[in-house]
Structure formats: structure tokens, C-alpha cells
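Structural overview for review
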Amino acid sequence: MKVSLPDGNELELPDGASGADAARAIGEGLARAALAVKQDRVLRDLSAPLRPGARIEIVTPKSEEALELVRHDCAHVLATAVMELYPGVKISIGPPIEDGFYYDFDFPADVKLSDADFERIEQRMREHINAGEPFEREDVSVARALERFRDEGQDYKVELIEDLVRDADPAHPVETVSLYRNGPFTDLCRGPHAPSTKRIKAFKLTSVAGAYWRGDAQRQMLTRVYGTAFLSKEDLAEHLERLEQARLRDHRKLGRELDLFMFSELSPGSPFWQPAGSQIWNQLTDFWRVENASREYSEVRTPILYDAELWRQSGHWDVYRDNMYFTEVEGRSLGLKPMNCPAHIQIYNSERRSYRDLPIRYAEAGLVHRHEPSGTLHGLLRVRHITQDDAHIFCTEDQVKEEVQGCLDFGFFIYETFGFEPRLELSTRPEKRVGSDEMWDRAEGALEAALREKGLEFELNEGDGAFYGPKIDLHMTDSIGRSWQLGTVQLDYSMPERFGLVYAGDDNADHRPVMIHRALMGSFERFIGILIEHYAGEFPLWLAPVQAVVLPIADRHADYARSVAEELRRAGLRVQLDERTESIGKKIREAEVRKLPYMLVVGDKEAEAGEVSVRRHREGDLGTSSVADFVSRAGGEVADRSGWHDRNRGGHGC
Ligand SMILES: [Zn+2]
Ligand SMILES: [Zn+2]
């Protein structure tokens, strides 16, 4: 039989040959590296017989699919070890996930698993990996599989098989299921797997958590063990280092340590900004305001509480009501806005608009409330009280492309300011949508043209657009390589329709404007949370809550120190004075811990010469300078909003 290879060549193989045979026929090296085979794009075991005429590709550690494959292998090895070490444990499911894998177990009542048990489990896993146990697939009848798992008391597996049979399409009843065996362990599993446990080159168990069976709070609480696996020890070490960095940078931890913000059970999901955090907030809003104004956005302010009638008209009542907060006042039902768009529409509609007025760009640091279940709240990253850097552009269809490009340029400017790497995604028409196909053709065409004309690379997410229009999402990569979705630029043909928006064209007839929703930072809350982690709490000077601290060496320098602080304050810098009778070494160490950008040490020499001895956080001593020189140095740094990513261009892990 013949199969075809990715390079277009054909390979002649004996009938019944497997992926392993194909790899061997190509070369011994490939046969040794092979993990699995893709047959007509479907991933399969290396040992499975190939279909004559199939297009095949040998999967090796270099392939995109390799990580997921060995992580799935590793989940089985975890279950192998756990079953040996904890007799009576019941197993449920163990899939690969982003960054690793997990397995859910139902332990006997006397076992309370914690990370303290990981070493013992990992040791046992290592033994199974070193033994190089092959993964062997067996297709067995449903009856035999049920009997087997019933005998073993594996109720979860029994339930999974019963559901498979029950939920099957009647035209294709499930008659057999596949089992995978490695060493002493057998699991109900669709596969595929690598040829042997030996292919897991590096792994680690990372955490343990509770998880309901089938995610159903009415069912058993299981113990989920998370782990990760890699194809090399170096990759694992790098991953663990990133996790450690992320832990050190956790914005909730830094928020507490640096007194930036706090939460109270009295207002769940809504941050309270402490003085230092409010400083950052204000710097960021000033930045937002100035940059919007320079791009001819008009800032507006709108209420947060509206008659439910508005939410009926906007459609939120039908599709979004469960995520909104309602109250009743004087017999009227009022709802807190979850989005600013209907509010901006009121302003647009307050006057008769002409084509000469367009585009109209309204920007608002708009406060919206969205109900997020308490279990999903996460520091500043997931809150119920959300201040968006929102804007709505009302324009003619001809202006769409240019306006979208303007939004993208604005986005890039912001991300550049903070040192993020942008990545773009274009999402097109979903199955459930409003508007005609011609409308979607035009809208998608305009977005794509906006991207292509600027020579921008983007990923295409077909079918992922909003129901009212296509969108471009802006994702950022932060200083430790994590990706965040921050911005979005969305075309909307539906709301102008619902609210009857019009403008008078040059033909004097009424036309429908197009509406563009765009947010670039997303929300101030989440953006500051991300910034805290991105900068590891070491804010660039323009954002730093306290920019400099003056440190007198002895009590006799206090007067001079006070005058220095006063001069800096008059120059517009945010300054503190540390007058405590502590050693200068201790004061410097504490300022370093608080991540204060500049420490200005003053003693006899400085007082006499009217100078300060300048230290920069992390960088140490920068020598002495006059107070005026320091002011101009710091002022310049604030003015051009430079941050550590500018000072450390060229790979600094921080
Ligand atoms: Zn499996
Ligand atoms: Zn909007």
C-alpha cells in the first residue's frame, strides 16, 4: 500500500503497516523520535495500522502536538502511582490542559492529600517512567469494559461508559470502548498515547484542589491533582521559573505589601483603592484623558443607573439580565449599566446629526457593574465593579476602515508605552447573528483591509465575532511571557438599528451610522492588576505612587532634608521624607523593599554643597547631584514615561 508524506512524496509500505513502520521506512532517527502519527490530520497511536492512501505525518518531540500527548501520558502515570500508593482510591478523568494535566481522584475517607505527598507520588511515577512501560491499546466490548470496572469498584468509569452508550447517536451505537494499559494500570481512554512512558522527559506535580465530579456541585467532591510535563528538563525548569516569577508578582500579594488596594466582604468583587493605589489610578486616568483628547475623542460622563426600559431596548434585558443588578425605586425597575454603549447612544440621539459631524468619538472612563459569581472573582483581574476605558465611535460606513486603524494605532501606542508586545485576532461572523450576509461581508472586509493595509499580522478566529458584528481583539504579552487580552475593536450594525440612530447625508436623506465599540486597556481595575504583575510592583517613575524618598543620615540633617523634600514637591514630584532615627542602611533597605524608585541620601557633605546623593531602586548609587539637576532628571523621566523596560531593553527577566 501507499501513503503520502507532508513533502508530497509517496511511501510504499507492506499492507497493514503502522505509523511506526512508516517512520522506520523513512529513517532510524525518525523511528526513535516518533511519538505518534497524524493520519489525515487525526492524531493516532504509532502502532495503529495505517489506511492505504492516507496522508500521514510522524509526530516527534518537535511537533506542536507532542506536549499535549506526553502530558496525557503523564496523567496516566500519575493515576498509576496513586492507585499503587492509595489502595481503594477511585479514578475519574485525567486530561491534558493548557500548561499541564490533571487527574481527579476519589480518595478513601482517611486520606487527605496535600503537596507534602507529592514527592512520594513523583518518586513512584519516576519508577514507572524509567521502566519504559509501553502504552497498549485494547478495544473491548462495552459489556466487558463495564464488567471490568464494576469488579474493580471504579464507579466513575462505569458511569462514563454508561453515559457514552446512552448519549450515542442511535444510528451509531457504541459497541466497543478503548482501554489503555501501561504497566499495572488500565484506563478507559480515547487515546492516543506515545509508545512508552519513557517519552516523558520531565514532569512535576504542581498543586492539589477540590473539583466536583462532572463540575456539578450536587455531586461528589473529588481531589484534583495538577501536574505538568515537558519533553526536556530545560523546558520544565523554564516553566517552573515562570511560575515562581508569577507567584512573586501576584498582584494580590504585591497589592497588600505595597498598600495599593484592598477588598472587603462588605462589597464583594469591588476594590477599595488605598492612597498609593489611587495615585497610580490617577496617573493612568490622566494619561488616558490626554491621549484621548489628542486623538479628538470627546470625553463624556453618563449615569450608572437606568430605567429597565433602556435595557429592554438595548437587548440586554433578554440576553444579559442575569449578569445585571436591578433595584426598584418609586415603583420603577432600574438597572446598573453593564455597558456604556446605550448611554453614549442617548447623547448621540440628543441632537440631529449630519454627515459633517461624523465621526463622533465619545470616550468615558465608564463605571459598569457585572455580576460575576463569587467563586470566579480574582483580585483585580475579575471584579464586579469595572471602570472601562470605553469609547464609541459613530461614523459612516466609508469611515470605518480609517477609524479602526486609528483605534489600532492608539492601542499600539498604549502598549508600547507600557512595554507590551501586541498580538491581533480577527473574529468573524458567528452562527447566531443579526444582519444580512452583505452587511457581514462589508464589515469583515473593512476590518481585514484595515489590518492588511497597515501590514499587520493577525490570527483569524472564524465564527468568533459578536452577534452584532466582527471584531479585532488585541492581546498583549507581558514581561514574563504571559498573554492577556486587553483591547477590543468591534463593529456594530445592530445597536444603531435598535435605537434608530440616523444622520443626515449630503443627499439630505437619513442614513444609519455604524457604531464602533472600543476599549484598549480593557478596564482600569484589570489593567492595573496586570501592570502590577508586569512590572513586579516596580512602577516606572511616572506611575510610581511615591517617586522619591529623602533619607537624612542623622537628626542634624533633618532640616536640610525637609527643604529638599519641599523643593521636589514644588517641582511636582511625589516625595516622602524618612525622618526616623534609624540607621541609613536600614532606611535604604526598607525603601528598596517598598520599591521606591529614587532614594535621596543627605548628610553633612550634601547639606553643605546643597546636593543630594542619588540611589535608584535596583541600580544602586548614581552619585551626587544638585537638587535642581535631580529635579530635571526625574522630570524628564516622568515626561517621556520611560520605564524599566526602556532602561533594560534587550532581555531582562527582572
Ligand atoms: Zn487517557
Ligand atoms: Zn460598547
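All residue numbers refer to position in the chain's written sequence, counted from 1. In the order they appear in the text, chains get letters beginning with A and ligands get numbers beginning with 1. Local features in this predicted model are restricted to residues of pLDDT 70 or higher, and side-chain atom pairs are both shown and tallied only at a pLDDT of 80 or more, whereas totals for entire chains, interfaces and linings draw on every residue. Computation of side-chain values covers all heavy atoms of the structure but excludes hydrogens and water.

Let's talk about the overall build of the protein
To be explicit about the condition: Segments assigned H or I by DSSP are reported as helices when at least four residues long, segments assigned E as strands when at least two residues long, and all are numbered from the N terminus. Accessible areas in this description were obtained via Shrake-Rupley with a 1.4 Å probe; residue shielding takes into account the shown protein chains only. The sign given to each residue is positive for Lys and Arg and negative for Asp and Glu; His and the chain ends receive no count. Throughout, a charge is located at the NZ atom of Lys, the CZ atom of Arg, the CG atom of Asp or the CD atom of Glu.
A count of helical and extended segments in the protein gives 21 helices and 33 strands. Across its three principal directions, the C-alpha atoms of the protein cover 85 × 75 × 60 Å. Carbon and sulfur atoms provide 47% of the accessible area of the protein, an area that totals close to 31200 Å². In the protein, 84 side chains carry a positive charge and 113 a negative one; their mean positions are 2 Å apart.

Quick word on the nonpolar core
Test applied: Side-chain atoms within 4.5 Å link the members of a nonpolar core, which is a set of buried Ala, Val, Leu, Ile, Met, Phe, Trp, Tyr and Cys residues. To sort residues, take the accessible area from a 1.4 Å probe on protein chains only and compare it with the maximum for the residue type: under 20% means buried, over 50% means exposed, and anything in between is partly exposed.
Ranked by internal contacts, the top residues of the largest apolar core, which has 59 residues, are Leu284, Val404 and Phe418. When residues of this core are assigned to their parent elements, the largest contribution, eight residues, is made by helix α13 (residues 400–418).

Structural notes on the packing of helix α5 (residues 142–151) against helix α6 (residues 155–167)
Inclusion rule: Whenever a helix is involved, its axis is fitted only over the stretch in contact; in every case the axis is a line through C-alpha atoms, and angles between N-to-C directions fall within 0 to 180 degrees. Roughly parallel means an angle under 35 degrees; roughly antiparallel, over 145; roughly perpendicular, 65 to 115; everything else is oblique. For any helix crossing, the convention is left-handed if the near helix is rotated counterclockwise from the far helix by under a right angle, and right-handed if that rotation is clockwise. For this analysis, residues touch if any pair of their heavy atoms sits within 4.5 Å. Classes in brief: Ala, Val, Leu, Ile, Met, Phe, Trp, Tyr, Cys and Pro nonpolar; Asp, Glu, Lys and Arg charged; the others, Gly included, polar.
Here α5 crosses α6 at 160°, and the two axes come no closer than 9 Å. By the angle between their directions, the pair α5 and α6 is classed as roughly antiparallel. Here α5 runs over α6; the crossing is left-handed. Contacts between α5 and α6 involve Val142, Ala145, Leu146, Phe149 and Arg150 from the former and Lys157, Val158, Ile161, Glu162 and Val165 from the latter. Of the residues in the contact of α5 with α6, the class split is seven nonpolar, no polar and three charged.

Considerations on the sheet that holds strand β22 (residues 421–427)
For clarity, the cut-off: Criterion used throughout: strands pair if DSSP finds at least two bridges between them.
The sheet built from eight strands is open, its strands ordered β16-β20-β21-β28-β25-β24-β22-β23 with mixed pairing. Strand pairing shows two members of the sheet lacking a second neighbour, β16 (298–299) and β23 (459–461), which therefore form its edges. As defined by bridge partners, β16 adjoins strand β20 (residues 360–369) across two bridges and the pair is classed as parallel. Paired with Ser298 across the two strands is Tyr362, which belongs to β20.

Quick notes on the layout of surface pockets
To locate leftover empty space, one rolls a probe as large as a water molecule over the atoms. Rules: Using protein atoms alone on a 1 Å grid, points that fit a 1.4 Å probe yet trap it form a cavity, whereas open point sets bounded by protein on both sides within 12 Å along at least five of seven lines form a pocket; residues with an atom within 4 Å of a point count as lining. Grid points are joined across faces, edges and corners, and a volume is the space filled by probe spheres set on the points.
Size it by volume and the largest pocket reaches roughly 1400 Å³. Along the walls of the largest pocket sit 45 residues, with Tyr320, Arg370, Glu372, Ile386 and Gln388 positioned nearest its centre. Within the residue set of the lining of the largest pocket, elements represented by two or more residues are α7 (233–249), α11 (316–319), β21 (385–395), β24 (471–477), β25 (483–492), α15 (495–498), β28 (514–523) and α16 (524–534). In this structure, the second largest pocket encloses a volume near 850 Å³. Taken together, 31 residues make up the lining of the second largest pocket; nearest its centre are His72, Leu188, Cys189, Arg190 and Gly191.

Concerning the sheet that holds strand β5 (residues 56–59)
Remark on secondary structure: sheet strands pair via backbone hydrogen bonds, oriented parallel or antiparallel. If you walk across this open sheet you meet the three strands as β4-β3-β5, and the pairing is antiparallel. Of all strands in the sheet, those bounded by a partner on one side alone are β4 (42–44) and β5. Neighbouring strand axes in the sheet, compared pairwise and without regard to direction, differ in orientation by 25° on average. The pairing of strand β3 (residues 36–39) with β5 spans four bridges and is classified as antiparallel. Looking across to β5, one finds that Ala36 is bridged to Val59. The strands that helix α1 (residues 19–26) touches are β3 and β5; relative to β5, the one it contacts most, it runs at about 85°.

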